[in-house]
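Commentary on secondary and tertiary structure
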Amino acid sequence: MRARAMALLLCVAAGAQAAPGALSALPPEAEVRRVLASLPALREGVLNAQLAGAERDKLAAGPHEWTLRAGASRRTVPGAERYREQEVALERPLRWFGKAGQDQALGEQGLAVARAQHADAWHETGRALLRDWFDALRELAGVARLEEQLAVTQRLQAIAARRVRAGDGAGLELLQADTEQRRVLALLQQARQRSEQTLTLLAVSYPGLPRPQADALPPPLASGEAVSGWVQRIEHDNHELQLAQAEAELYAMRVRRQASDAMPDPTLALRAARERDGQERVFGVSLSFPLPGAGRAADRSAAAIQAAMARERVAQTQLRVALAARRAANDSVHTREIWSTLQEVQQQTARQADLMLRAYEAGECPLAEALAGRRQALDAALTAQAAQIEALAALARLQLDAHAIWSID
């Protein structure tokens, strides 16, 4: 067991070192942990674990309590004799046949379920933060690209105006350049609006999280491990699957506990009485047994059905986790390949657009062709940039699911 844990830790460390690109695009881990721990949903998970601890203590103590009975009476005997009599009884139902141990085990398992729920909520919240973070990066990077394009269209407009003043160009070219500048400006305004929305979402949903910086995004690097290795790591340590298994075990334990209730708990009573003004003293012990009815059988049947449903949820979760693990591992590979191809396309279109811009400035090509080249370059740049961010996000998701980053453990 220790060797397996050490191997897993070495794999996690190797995976984190193999992909620094994705990590450098993320906020500092200490800040992420602080923000996650302060979120209401996760603070509620901590309280839920504390509640499960209280329920465990309650189950360990048991549902039964001592009952004190006291009574006084007057006995009348023919012949006008009267006596005062008193009676005291102390009684309590008893858990037997190992029921106390089973209840204690149920409490411990309930606490394990609460902790698994908290761990799963932590992981899912980390996924949401990761998604919102890269959405903000995507919008901020789009703003930066459009600002660059706006500067180019302003340059084209200045060239067109200079050529019109020199008599080398038609007024239509100046109108075309102005139209293109306004088009890009409108796209920039829309991108700024979307970026402000994503930044507002981050600020409100994750108070204290640093602002994303999209001015120097790192290139997506290889994950440093085979797809099968990532899949195995995700399936081996998965909070969603652990939660389903813990719940299934809890329901199975409840079935066994309900089966124990087929034999009801007896009630032990200690009785002391003074009769005939203390002339007679009575001490006694009694046991009483409830007679089980159909309700207990129905409870056992319901518990068995719930346990069967929990086992089916485990099977469903195993399939879902296996599919998600393979998808995450494959996405990290394919998105990087897609980015590499689109990066080459972006570089080629950028060179073509620069050549056409210089050609127009020299009067060797019409403005329409230069504008078309710039639009093509802008589209290629935005597409390649989106692919770059998607590749970084895919690798970060893979590391998150493998608990290489932001793990509650």
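Calculation rules
- Residues numbered from 1 in each chain as written.
- Predicted model: local features only at pLDDT ≥ 70, side-chain atom pairs only at ≥ 80, totals over all residues.
- Heavy atoms only, no water.
- Helix = DSSP H or I, 4+ residues; strand = E, 2+ residues; numbered from the N terminus.
- Expected span 1.5 Å × (residues − 1).
- Buried < 20%, exposed > 50% of the residue type's maximum accessible area, 1.4 Å probe, protein only.
- Contact = heavy atoms within 4.5 Å.
- Pairing = 2+ DSSP bridges.
- Axes fitted to C-alpha atoms, helices over the stretch in contact; angles between N-to-C directions.
- Salt bridge = Lys/Arg side-chain N within 4 Å of Asp/Glu carboxyl O.
- Parallel < 35°, antiparallel > 145°, perpendicular 65-115°, else oblique.
- Left-handed = near helix turned anticlockwise from the far one by under 90°.
- Nonpolar A, V, L, I, M, F, W, Y, C, P; charged D, E, K, R; others polar.
- Core = buried A, V, L, I, M, F, W, Y, C linked by side-chain atoms within 4.5 Å.
- pLDDT = per-residue confidence, 0-100.
- Polar contact = N/O pair within 3.5 Å; in protein donor to acceptor, adjacent residues only side chain to side chain.

Bringing helix H6 (residues 171–205) into the picture now. With 35 residues, H6 should cover 51 Å at 1.5 Å per step; its first-to-last C-alpha distance of 51 Å lies within 8% of that length. Among all positions of H6, only Glu173, Ala177, Glu180, Gln181, Val184, Leu188, Ala191, Ser195, Thr198, Leu199 and Leu202 are buried. Buried-residue contacts for H6 involve helix H5 (99–166), helix H9 (294–361) and helix H10 (367–401).

What follows is about the side chain of Glu180. Relative to the helices and strands, Glu180 resides in helix H6. You can call Glu180 buried: its relative accessible area is 2%. Once residues lying within four places of it in the same chain are set aside, the contact partners of Glu180 are Thr153, Leu371 and Arg375.

Along a regular strand, successive side chains alternate from one face of the sheet to the other. Two strands pair when backbone bridges link them, and strand E3 (residues 267–275) and strand E4 (residues 280–288) are joined in this way by nine bridges, in the antiparallel orientation. Across the sheet, Ala269 pairs through a bridge with Ser286, a residue of E4.

One open sheet holds the four strands; their spatial order is E1-E2-E3-E4, and the pairing between them is antiparallel. Each having just a single partner strand, strand E1 (67–77) and E4 make up the two edges of the open sheet. Each neighbouring strand pair of the sheet contributes to a mean axis angle of 15°, computed without reference to strand direction. One ladder, built from eleven bridges, connects E1 with strand E2 (residues 81–93); its direction is antiparallel. In the sheet register, Gly71 faces E2, and the bridge partner there is Glu87.

One side chain can pair with another of opposite charge once the charged atoms of both are near each other. Taken as a whole and judged by the stated rule, the model has 28 salt bridges. Here Arg56 and Glu108 are joined by a salt bridge, their closest N and O atoms 3.8 Å apart. Of this pair, Arg56 sits in helix H4 (residues 40–61) while Glu108 sits in helix H5, and the two are 52 residues apart along the sequence. Arg75 serves as the salt-bridge partner of Glu85, at 2.4 Å between the closest nitrogen and oxygen. Of this pair, Glu85 sits in strand E2 while Arg75 sits in strand E1, and the two are ten residues apart along the sequence. Arg75 gets classed as partly exposed once you look at its relative accessible area, which sits at 34%. Ionic contacts of the salt-bridge type, sharing partners, join the residues Arg95, Lys99, Asp103, Arg257, Asp261 and Asp265 into one network.

Axis separation between helix H3 (residues 29–38) and H5 bottoms out at 11 Å; the angle between their running directions is 120°. It follows that H3 is oblique to H5 by the angle criterion. Crossing hand, H3 versus H5: right-handed. Here Val32, Arg33, Leu36 and Ala37 of H3 lie close against H5, whose contacting residues are Trp122, Thr125, Gly126 and Leu129. A per-class count over the contact of H3 with H5 returns five nonpolar, two polar and one charged.

What follows covers the nonpolar core. Judged by nonpolar contacts, the single largest core of 30 residues is most densely connected at Leu26, Phe134, Tyr206, Leu209 and Trp406. When contributions to this core are tallied by element, the ones reaching two or more residues are H3, H5, H6 and H10. In terms of nonpolar packing, the next biggest core, distinct from the first, is built from eleven residues, Leu156, Ile159, Ala177 and Leu367 among them.

Moving on, we get to the confidence of the model for the protein. Summarising the model, the protein shows a mean pLDDT of 87, and 94% of its residues fall at 70 or more. Here residues 1–19 is a poorly scored stretch, pLDDT under 50, and it has 21 contacts once near neighbours within four places are set aside; other chains count.

This paragraph deals with the environment of Arg182. Take Arg182: it is sitting in helix H6. Assessed through its relative accessible area of 57%, Arg182 is described here as exposed. Taking the C-alpha atoms as reference, Arg182 lies 9.0 Å from Thr153; in sequence the two are 29 residues apart. A distance of 3.0 Å separates the side chain of Arg182 from the side chain of Asp178, its partner in a polar contact.

We note that His403 has phi near 60°; this positive angle belongs to a residue other than glycine. Note on placement: His403 falls in the segment after H10. When its relative accessible area of 9% is taken as the criterion, His403 is described as buried. The phi dihedral of Trp406 falls on the positive side, at around 60°, and the residue is not glycine. Mapped onto the elements, Trp406 comes out in the segment after H10.

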